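# Coordinates in review
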Amino acid sequence: MAGRRTDTKDRIQQVALELFAERGYEQTTLQEVAERLEITRPALYYHFRTKEAILASVTEGLVESIEELVEWGREQPKTPESRREILQRIGDLLENQWRPLFKFAQVNQGAMQGMPTGQRMQAGMIKMVSLLEVPGASSVRKFEARLAVFAVILGSVPFLFDLEVPESERASVAMEVAMKLISED
């Protein structure tokens, strides 16, 4: 039974994020979330009493995954292989977990800024983009390392990637660019 509750919570989070990104956080109601899920409002309230609670739970999961990645990345040697692995892990997390939240955050920046987890997410992102820096590198190389992370992130945001690249190829194109930015050439 606990598995079903977790599945329902996950579905609520996913659908709410979709609606927040489509309609805007402020314009979306819990009633609309319940309707899209085809559940009653009391069933929704069992899991989340407010939109804020839904958003907080989603952002908390994102923040935790960023913090885990940063912790893991800091333990890795500063080799080209580990830097590529860090970048690949960022790409995998984007593909599997972060994409809906990044889309939401870009459309609803005000809602994210007012949340404590939004501030933690921002701090985690700053730490994450610095993982690829090589100690003692020039300012240009440090900037390229940070750009590599943003290239991967931008590759997952369709409306910022207006090149004629099929959606199925966007992430791999962005990753290829990011890998070039951290190459030793």
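First, a word on scope: everything that follows refers to the structure included in this document.

## So, the nonpolar core
In this structure, Leu87, Ile90, Leu101, Phe104, Met128, Leu132 and Val149 are the most contacted members of the largest nonpolar core, which totals 45 residues. Leave out the neighbours within four places in its chain, and Val149 touches Leu87, Ile90, Met128, Val129 and Leu132.

## Looking at the pattern of salt bridges
In the structure shown here, the tally under the stated rule is 10 salt bridges. Across the pair Glu18 and Arg36 runs a salt bridge, and its minimum N-O distance is 3.9 Å. In this pair, Glu18 sits in helix H1 (residues 2-23) while Arg36 sits in helix H2 (residues 30-37), placing the two residues 18 residues apart along the sequence. What makes Glu18 partly exposed here is its relative accessible area of 33%. Classification of Arg36 as partly exposed rests on a relative accessible area of 39%. Because the salt bridges share partners, they merge into one network encompassing Glu18, Glu22 and Arg36.

## Quick look at the side chain of Thr59
Inspection of the secondary structure puts Thr59 in helix H4 (residues 51-75). For Thr59, a relative accessible area of 0% gives the class buried. Here Ala56 takes part through its backbone oxygen, which lies 3.2 Å from a polar atom of the side chain of Thr59.

## Remarks on the environment of Glu26
Here Glu26 shows up in the loop between H1 and H2. Relative accessible area serves as the criterion here: at 59%, Glu26 is assigned to the exposed category.

## A look at the packing of H4 against helix H7 (residues 116-130)
One can describe the packing of H4 onto H7 by two numbers: an axis separation of 9 Å at closest approach and a directional angle of 25°. The angle between the axes of H4 and H7 places the two elements in the roughly parallel class. As for the relative orientation of H4 and H7, their crossing is left-handed in sense. Contacts from Ala56, Thr59, Glu60, Leu62, Val63, Ile66, Glu67, Leu69, Val70 and Arg74 in H4 reach Thr117, Arg120, Met121, Gly124, Met125, Lys127 and Met128 in H7. Looking at the contact of H4 with H7 residue by residue, the class counts come to 9 nonpolar, 3 polar and 5 charged.

## Topic: the side chain of Arg83
With respect to the helices and strands, the residue Arg83 is situated in helix H5 (residues 80-107). Look at Arg83 and you get buried, because its relative accessible area is 4%. Residues in contact with Arg83, not counting those within four places in the same chain, are Leu132, Val134, Ala145, Ile182 and Glu184.

## Side note on the packing of aromatic side chains
The geometry of an aromatic ring pair comes down to the distance between the two centres and the angle between the two planes. One pass over the full model with this rule turns up 1 aromatic pair. Between the aromatic rings of Phe20 and Tyr25, the centroid separation amounts to 4.9 Å while the plane-to-plane angle is 75°, which identifies the pairing as edge-to-face. Among the residues examined, Phe20 registers a relative accessible area of 1% and is labelled buried. Here the basic side chain of Lys51 rests over the ring of Tyr25, its NZ or CZ set 4.6 Å away from the ring centre. Positioned over the ring face of Trp72 is Arg89, at 3.6 Å from the centre of the ring.

## Quick look at the packing of H7 against helix H8 (residues 139-154)
For the pair H7 and H8, the least separation of the axes is 8 Å and the interaxial angle reads 120°. Facing H7, whose interface residues are Met125, Met128, Val129 and Ser130, H8 presents Ala145, Arg146, Val149, Phe150 and Ile153. By residue class, the composition of the contact of H7 with H8 is 7 nonpolar, 1 polar and 1 charged.

What counts as what
Residues numbered from 1 in each chain as written. Predicted model: local features only at pLDDT ≥ 70, side-chain atom pairs only at ≥ 80, totals over all residues. Heavy atoms only, no water. Core = buried A, V, L, I, M, F, W, Y, C linked by side-chain atoms within 4.5 Å. Buried < 20%, exposed > 50% of the residue type's maximum accessible area, 1.4 Å probe, protein only. Contact = heavy atoms within 4.5 Å. Salt bridge = Lys/Arg side-chain N within 4 Å of Asp/Glu carboxyl O. Helix = DSSP H or I, 4+ residues; strand = E, 2+ residues; numbered from the N terminus. Polar contact = N/O pair within 3.5 Å; in protein donor to acceptor, adjacent residues only side chain to side chain. Axes fitted to C-alpha atoms, helices over the stretch in contact; angles between N-to-C directions. Parallel < 35°, antiparallel > 145°, perpendicular 65-115°, else oblique. Left-handed = near helix turned anticlockwise from the far one by under 90°. Nonpolar A, V, L, I, M, F, W, Y, C, P; charged D, E, K, R; others polar. Phe/Tyr/Trp six-rings, centres within 6.5 Å; stacked < 30°, edge-to-face > 60°. Lys NZ or Arg CZ within 6 Å of the ring centre and 35° of its normal.

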